[in-house]
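Per-entry structural report
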Amino acid sequence: MRIILLGPPGAGKGTQAQYLVETYGIPHLSTGDMLRSAVAAQTEIGKKAEALMTAGQLVPDDVVAGIVAERLERPDCKTGFILDGFPRTLVQAQELHKILRAAAMPIDVVISLQVDEHALGNRIEGRAMEARAAGREVRSDDNPEVLKRRVSEYNGKISPVVEYYDSLGLLHAVNGMGDIAAVSSLIDAILSSTRFSINSGQQIADRFK
Ligand code: ADP
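Residues numbered from 1 in each chain as written. Predicted model: local features only at pLDDT ≥ 70, side-chain atom pairs only at ≥ 80, totals over all residues. Heavy atoms only, no water.

**A few points about the overall build of the chain**
Counting secondary structure elements, the chain contains eight helices and five strands. What you see in the chain, going N to C, is helices and strands ordered as β-α-β-α-α-α-β-α-β-α-α-β-α. Relative to a compact globule of 209 residues, whose C-alpha radius of gyration would be 17 Å, the chain shows 17 Å and is just as compact. Counting only C-alpha atoms and orienting by the principal axes, one finds that the chain spans roughly 50 × 40 × 30 Å. Split into buried and exposed, the 209 residues of the chain put 42% on the buried side. (Helix = DSSP H or I, 4+ residues; strand = E, 2+ residues; numbered from the N terminus. Rg over C-alpha atoms; globule rule 2.2 N^0.38 Å. Buried < 20%, exposed > 50% of the residue type's maximum accessible area, 1.4 Å probe, protein only.)

Here's what the structure looks like:
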């Protein structure tokens, strides 16, 4: 199963992705995590991304698409994957389309987690408190000012991505305001019906039109 998770910062993408990893045994590809590793390792990409991330701005499309393309080549993606945090712009969605078409691996489903924006601040604050309590470092962008910027970056760029997947008939909106298990079961229901329609035998070439 090839899944894209969409949703603003704090929507619960990472939490639900973890559930999907355990349930379906497919890898979780988070561009945020990949970029944070690149920053920690101070690779060339990490050095380019660091200041942008700390300011809550997006890293350039080609940089992120390059990281994703490389990751998708690894053998664990053959049986499927969960993309989290990518694509975030229409250009990224188009790049992804090219990468997946070349690999004959069409996206099966796009799940958009819908949340009340007022709840996002509390969720991010909770995440920062949990990290502190566990002695982990708090993300440099998990603070109220940068969060505002991240949410507005997200909202400003995501609409054409949502429209794009909607026009392909892949988009499913899920209410992300319930508790974790409730959201997971909404996602499960969508994935079951998606699997049913995939198995109904539409050719891969048709799914790239
Ligand atoms: P968020 O909770 O804000 O969605 P992520 O962990 O997904 O957090 O991403 C953190 C930061 O990494 C973003 O604010 C952005 O700077 C960068 N980033 C992650 N994914 C992308 C992407 N697809 N395109 C551009 N920048 C990205």
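**What about the environment of Leu96?**
Inspection of the secondary structure puts Leu96 in helix α5 (residues 90–102). A sequence separation of 39 residues divides Leu96 from Gly135, and the C-alpha atoms of the two residues are 37 Å apart. Beyond its immediate sequence surroundings of up to four residues, Leu96 is in contact with Ile4, Leu72, Leu83, Phe86, Pro87, Ile107 and Tyr165. (Contact = heavy atoms within 4.5 Å.)

**As for the nonpolar core**
Core analysis: the largest hydrophobic core is formed by 32 residues, its most contacted members being Phe81, Leu96 and Tyr165. When contributions to this core are tallied by element, the ones reaching two or more residues are β1 (2–6), α2 (31–40), α3 (44–54), α4 (61–72), β3 (81–84), α5 and α7 (144–167). Per element, the largest residue contribution to this core is six residues, and it comes from α4. Contact partners of Tyr165, with chain neighbours within four places excluded, come to Ile4, Pro87, Ala93, Leu96, Val110, Leu170 and Leu171. (Core = buried A, V, L, I, M, F, W, Y, C linked by side-chain atoms within 4.5 Å.)

**With respect to the sheet that holds strand β4 (residues 109–114)**
For sheets, the rule is that strands pair by backbone hydrogen bonds, running either parallel or antiparallel. Pairing in this open sheet of five strands is parallel, and the strands run β2-β3-β1-β4-β5 from one edge to the other. The open sheet is flanked by β2 (28–30) and β5 (171–175), the only strands paired with a single partner. With strand direction ignored, the average angle separating the axes of adjacent strands in the sheet is 25 degrees. Sheet topology places β2 next to β3; three bridges connect them, and they run parallel. Each bridged residue has a counterpart across the sheet, and for Ser30 the counterpart in β3 is Asp84. (Pairing = 2+ DSSP bridges. Axes fitted to C-alpha atoms, helices over the stretch in contact; angles between N-to-C directions.)

**Details of the site of the ligand**
The immediate surroundings of the ligand are formed by 19 residues, with Thr31, Gln57, Gly85, Arg88 and Arg150 found nearest. The contact in question runs from an oxygen atom of the ligand to an N or O atom on the side chain of Arg139, over 3.1 Å. Between Arg150 and the ligand, the recorded distance is 2.8 Å, taken from a side-chain N or O atom to an oxygen atom. Relative to its unbound accessible area of 550 Å², the ligand is 97% covered by the protein chains. (Near = heavy atom within 4 Å. Polar contact = N/O pair within 3.5 Å; in protein donor to acceptor, adjacent residues only side chain to side chain. Areas by Shrake-Rupley, 256 points an atom, 1.4 Å probe, with all protein chains shown as cover.)

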